[in-house]
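# An overview of the molecular structure
Here is what each chain is made of, one letter per residue.
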Amino acid sequence: MYTQALDIHGKEPVPAAAGEAEAPAARFQARIDEDAKIEPKDWMPEAYRQTLIRQISQHAHSEIVGMLPEGNWITRAPSLKRKAVLIAKVQDEGGHGMYLYSAAETLGISRAEMLEQLLSGTAKYSSIFNYPTLTWADIGAIGWLVDGAAIMNQIPICRCSYGPYARAMVRICKEESFHQRQGFEIMLTLTQGTHAQRAMAQDALNRWWWPSLMMFGPSDADSRHTAQSMRQKFIDITVPQAHFLGLTIPDNELHWDESTQHYRAGPIDWSEFHAVLKGNGPCNRERLEARRRAHEAGRWVREAAAAHAARQRGGAAPASQAGEPT
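Here is what the cut-offs are and how they apply
Numbers given for residues are sequential positions, taken from 1 along each chain in its written order. Reporting in this predicted model follows two pLDDT cut-offs: at least 70 for local features of residues, and 80 or more for side-chain atom pairs to be given and counted; totals over whole chains, interfaces and linings ignore these cut-offs and use all residues. The side-chain values count all of the structure's non-hydrogen atoms but skip hydrogen atoms and water molecules. What counts as a ring pair is set by centres within 6.5 Å for rings of Phe, Tyr and Trp (its six-membered ring), and what kind of pair is set by the plane angle: stacked under 30 degrees, edge-to-face over 60, tilted for all other angles. Secondary structure is summarised from DSSP: a helix means a run of H or I of at least four residues, a strand means a run of E of at least two, and numbering begins at the N terminus for each. Here, a salt bridge means any side-chain nitrogen of Lys or Arg that lies within 4 Å of a carboxyl oxygen of Asp or Glu. Partly exposed residues are those whose accessible area sits between 20% and 50% of the maximum for their type, while under 20% is buried and over 50% is exposed, using a 1.4 Å probe and protein chains only. As used in this record, nonpolar core signifies buried Ala, Val, Leu, Ile, Met, Phe, Trp, Tyr and Cys residues forming a set joined through side-chain atoms within 4.5 Å. In this description, contact between two residues means that some pair of their heavy atoms is separated by no more than 4.5 Å. In this scheme, a helix's expected span is set at 1.5 Å multiplied by one less than its residue total. This arc is taken over the directions from the axis of the helix to the C-beta atoms.

### Regarding the packing of aromatic side chains
When we look at a pair of aromatic rings, we describe it by the centre distance and by the angle of the planes. Scanning all chains against the criterion turns up 10 aromatic pairs. When the ring of phenylalanine 28 is compared with that of tryptophan 43, the centres are 6.2 Å apart and the planes differ by 80 degrees; the resulting orientation is edge-to-face. Pair noted here: phenylalanine 28 is in helix α1 (residues 18-33) and tryptophan 43 is in the loop between α1 and α2 (46-65), with a separation of 15 residues, a long-range link. Between tryptophan 270 and phenylalanine 273 the ring centres are 5.2 Å apart and the planes differ by 90 degrees, which places this aromatic pair in the edge-to-face class. Taken together, the positions of tryptophan 270 and phenylalanine 273, both in helix α10 (residues 270-280) and 3 residues apart, correspond to about one turn of that helix. Taken together, the ring pairs in this structure connect Phe28, Trp43 and Tyr48 into an aromatic cluster.

Pasting the structure below:
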């Protein structure tokens, strides 16, 4: 449903007169002001299109790369039930990536081009996935903290102006909400277990707390949903949950401010955040290399699919397209 308008992208006639050029821009802005949805066949400014391509494709990359830290524990899950649940969650994340790649394709970019940008390192993905999952408790911490922070960031996107992106995000946020509860349940089980299990849960919280706060990015006072306001909401919700679990937030400066009715956290070390963004995180190179290996290993599948599609059309598969997804 998201690719029906691809054949017209880039073919819209360019108005000759200045007045004609202003008319579609004015109609576009009027729809934005009315909180109406922009659909793939609607006229849109090129800057708007390119911003959406960058944001949606990078979001899709994050879902796909985000499968790796948790996929690392599928074969080592502590029980058959945990293994089945984790497999389902990783499959969900892969599905999220597919929804988002499809939404981006409605803007005139091919999936092959987006994947090439990821594999070449020219496209970004969420820096949180460049941290290692050292123990089973990390799987709980990712669900509880990382997915919890992601929900805070992503719920506003359900109301964004671009229809395909907004609709995809409604389903994604519902599934991420379940993932968050799933992660909290893992942490709860560990904290009710042995001393070693409780220590494992605390260690995971110690390592994932600050990277989770960094997911909101540096403060941006110009945004309707500012980074700091969403981060504050996340802190206010999560600290009582940590107390319920019997865990300690790794922030010596964290305290309750009676005057504002908010928890006040200590300063974030943004040098770590920027180092990971620049490719110097614990697992940056490992993550990209894993995606490159997977892409190469799946080449024969893409070639077979392209050949089958060509036969269905009654022709031969073009050599230039044999390696591209269909």
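### Let's talk about the pattern of salt bridges
The tally for this structure, following the rule as stated, stands at 14 salt bridges. Among the salt bridges present, the one from glutamate 46 reaches arginine 49, with a minimum N-O distance of 3.5 Å. In this pair, glutamate 46 and arginine 49 are both assigned in helix α2, 3 residues apart and thus about one turn of the helix distant. The residue lysine 89 makes a salt bridge to glutamate 70 at a minimum N-O spacing of 2.5 Å. Placement of the pair is lysine 89 in helix α4 (residues 80-105) and glutamate 70 in helix α3 (residues 67-71), with a sequence separation of 19 residues. Of the two residues, lysine 89 and glutamate 70, both sit in the buried class. Within the structure, one salt-bridge network assembled from shared partners comprises Glu70, Lys89 and Asp147.

### Looking at the nonpolar core
Soluble globular proteins: nonpolar side chains tend toward being buried together. Ile56, Trp144, Tyr162, Tyr165, Trp208 and Trp209 are the most contacted members of the largest nonpolar core, which totals 75 residues. Put simply, the parts of the chain that give this core at least two residues each are α2, α4, α5 (111-120), α6 (136-154), α7 (163-191), α8 (195-214), α9 (227-245) and α10. Among all residues touching tyrosine 165, those that are not within four sequence positions of it are Leu52, Gln55, Ile56, His59, Leu100, Ala103, Ile157 and Cys160.

### A closer look at helix α12 (residues 299-313)
Over its 15 residues, α12 runs 21 Å from end to end, which matches the ideal 21 Å to within 8%, given 1.5 Å per residue. Turning to α12, its buried residues are Arg302, Ala306 and Ala310. Looking down the long axis of α12, one finds its buried residues gathered within 70 degrees of arc, a one-sided arrangement. Along α12, the residues that are exposed and aim more than 90 degrees away from the buried face are Trp300, Arg311 and Gln312. Those residues of α12 that are buried are in contact with α11 (284-297).

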